[in-house]
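Spelled out from the first residue to the last, the chains are:
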Amino acid sequence: MDSWDEIRTAYHVARAGTVSGAAQELGVHHATVIRHIDALESRMGTKLFQRHARGYTPTEAGADLLRVAQATDDQFAQLAGRIKGQGDTVTGDLVVTSLASFSHVMTPVLVRFQRKHPEVTVRYLTGSRLFRLEYGEAHVAIRAGSPPDQPDNVVQKFSTECIALYGSEDYIAVNGMPKGEGDLGSHRFVSYDEPHTRAPYHQWLKDNIPSEQVTFRVADDRSLQQAILAGAGLGFMTERMADSHTGLVKVLPSRPEWASPLWLVTHVDLHRTAKVQTFLKFLKAEMAIEAGE
């Protein structure tokens, strides 16, 4: 550990590929980076990088050292994330992650939570990437689909998103209202550009609608919603999201097999901390009020 500063510097040089890039990430002068690399190579008795006009490339020995450095850096990040969530106060960062399609529900809840606990700084991260709770990347994750099975996570059933087929009023005015599933042959559809999406309603679409009728494809939930609202075609949307918009017509009602269960996921090391427990209780109470329970 006497050489950790130098090893960490080498790790950032390998990631950035240049001395200047590593210096910027570390917030030090580029001369400090060069000095650390030279000292580490002298101590190890071997070259860790090949120097060339475009920057620095790890040698075989450098790659071995950097694998250890990355694992150590990850462990430090994990420790830091856990420490941030510890204690008996509801203060500091609260990192919550979910799909972007659930943001219209979560954002108001997070605002109300912050009003009750003004010393909390909310970081609400949306997207399809699975944030690594074991490395402290988030305190609470809301995930859809099958129950998450990562070890050391606490998983609780949260709610179920009912999903139906919708079209905009403008689209229906131009193309007519389908009388049922058998009347969809002349309609355009909006769906994901990703062919391997495992969502049940997406599979239904693949099984029942010819691909040439899917004339508008998107990369994410938000773009899907906007395309349906704009009249690009018929598409699937959660009932909760559809109810928040005017100008939508339900073409096919929700079906149990299309539903998407939502799960609350926390890491076992943070689950019992005051901040996480306070937020989970608040979130569940808010959702119960919305459901009229």
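Just above, that's the structure.
The following paragraphs examine the structure supplied in this document. As the structure is a prediction and not an experimental result, all values here were calculated from the model.

Description of the overall build of the protein chain
Stage number 1. Helices and strands together make up the secondary structure of the protein chain, namely eleven helices and twelve strands.
Stage number 2. The C-alpha atoms of the protein chain give a radius of gyration of 25 Å, which is well past the 19 Å a tight globule of 293 residues would have.
Stage number 3. Dimensions along the principal axes, computed over C-alpha positions, put the protein chain at roughly 80 × 50 × 30 Å.
Stage number 4. When each of the 293 residues of the protein chain is scored for burial, the buried share is 43%.
Stage number 5. Taking the contacts inside the protein chain whose residues are at least 6 apart along the sequence as the reference set, 73% of them involve residues at least 24 apart.
Stage number 6. Of the roughly 15800 Å² that the protein chain leaves accessible, carbon and sulfur atoms contribute 50%.
Stage number 7. When the 31 basic and 35 acidic side-chain charges of the protein chain are each reduced to a single mean position, those positions are 3 Å apart.

A few points about the layout of surface pockets
A probe matching the size of a water molecule, rolled over the atoms, marks out where space remains unfilled.
Stage number 1. The space that makes up the largest pocket amounts to roughly 1400 Å³.
Stage number 2. Lining the largest pocket are 42 residues, and of these Leu 99, Ala 144, Gly 145, Ala 199 and Asp 221 lie nearest its centre.
Stage number 3. Contributing elements (two or more residues each) for the lining of the largest pocket: β3 (92-98), β5 (140-144), α7 (200-208), α8 (221-230), β10 (235-238) and β12 (260-267).
Stage number 4. Its residues assigned to classes, the lining of the largest pocket shows 21 nonpolar, 13 polar and eight charged.

Some remarks on the nonpolar core
Inside soluble globular proteins, nonpolar side chains tend to come together where they are buried.
Stage number 1. Residues Leu 165, Leu 184, Phe 189, Trp 204, Leu 234 and Phe 236 are the most contacted members of the largest nonpolar core, which totals 30 residues.
Stage number 2. The biggest single contributor to this core is strand β7 (residues 163-168), with four residues.
Stage number 3. Beyond its immediate sequence surroundings of up to four residues, Leu 184 is in contact with Leu 165, Pro 178, Phe 189, Trp 204, Ile 209, Gln 213, Leu 234, Val 251 and Leu 252.
Stage number 4. Among the nonpolar cores identified, the runner-up in size contains 22 residues, and Leu 94, Phe 102, Met 106 and Phe 158 belong to it.

Topic: the pairing of strand β2 (residues 55-58)
Stage number 1. Here four bridges tie strand β1 (residues 49-52) to β2, and the two strands are oriented antiparallel to one another. Each bridged residue has a counterpart across the sheet, and for Gln 50 the counterpart in β2 is Thr 57.
Stage number 2. In sequence, β1 turns back onto β2 through a hairpin of two residues.

A closer look at the environment of Val 105
Stage number 1. Mapped onto the secondary structure, Val 105 falls in helix α5 (residues 103-116).
Stage number 2. A sequence separation of 139 residues divides Val 105 from Ser 244, and the C-alpha atoms of the two residues are 9.9 Å apart.
Stage number 3. Here Val 105 is in contact with Arg 240, Met 287 and Glu 290, once residues within four sequence places are set aside.

Some details on helix α1 (residues 4-16)
Stage number 1. With 13 residues, α1 should cover 18 Å at 1.5 Å per step; its first-to-last C-alpha distance of 18 Å lies within 8% of that length.
Stage number 2. Along α1, the positions that sit buried rather than exposed are Trp 4, Glu 6, Ile 7, Thr 9, Ala 10, Tyr 11, His 12 and Val 13.

Rules of the game
- Residues numbered from 1 in each chain as written.
- Predicted model: local features only at pLDDT ≥ 70, side-chain atom pairs only at ≥ 80, totals over all residues.
- Heavy atoms only, no water.
- Helix = DSSP H or I, 4+ residues; strand = E, 2+ residues; numbered from the N terminus.
- Rg over C-alpha atoms; globule rule 2.2 N^0.38 Å.
- Buried < 20%, exposed > 50% of the residue type's maximum accessible area, 1.4 Å probe, protein only.
- Contact = heavy atoms within 4.5 Å.
- Areas by Shrake-Rupley, 256 points an atom, 1.4 Å probe, with all protein chains shown as cover.
- Lys, Arg positive; Asp, Glu negative; His and termini not counted.
- Charge placed at Lys NZ, Arg CZ, Asp CG, Glu CD.
- 1 Å grid on protein atoms, 1.4 Å probe; cavity = no way out; pocket = protein on both sides within 12 Å on 5 of 7 lines; lining within 4 Å.
- Points joined across faces, edges and corners; volume = space filled by probe spheres on them.
- Nonpolar A, V, L, I, M, F, W, Y, C, P; charged D, E, K, R; others polar.
- Core = buried A, V, L, I, M, F, W, Y, C linked by side-chain atoms within 4.5 Å.
- Pairing = 2+ DSSP bridges.
- Expected span 1.5 Å × (residues − 1).

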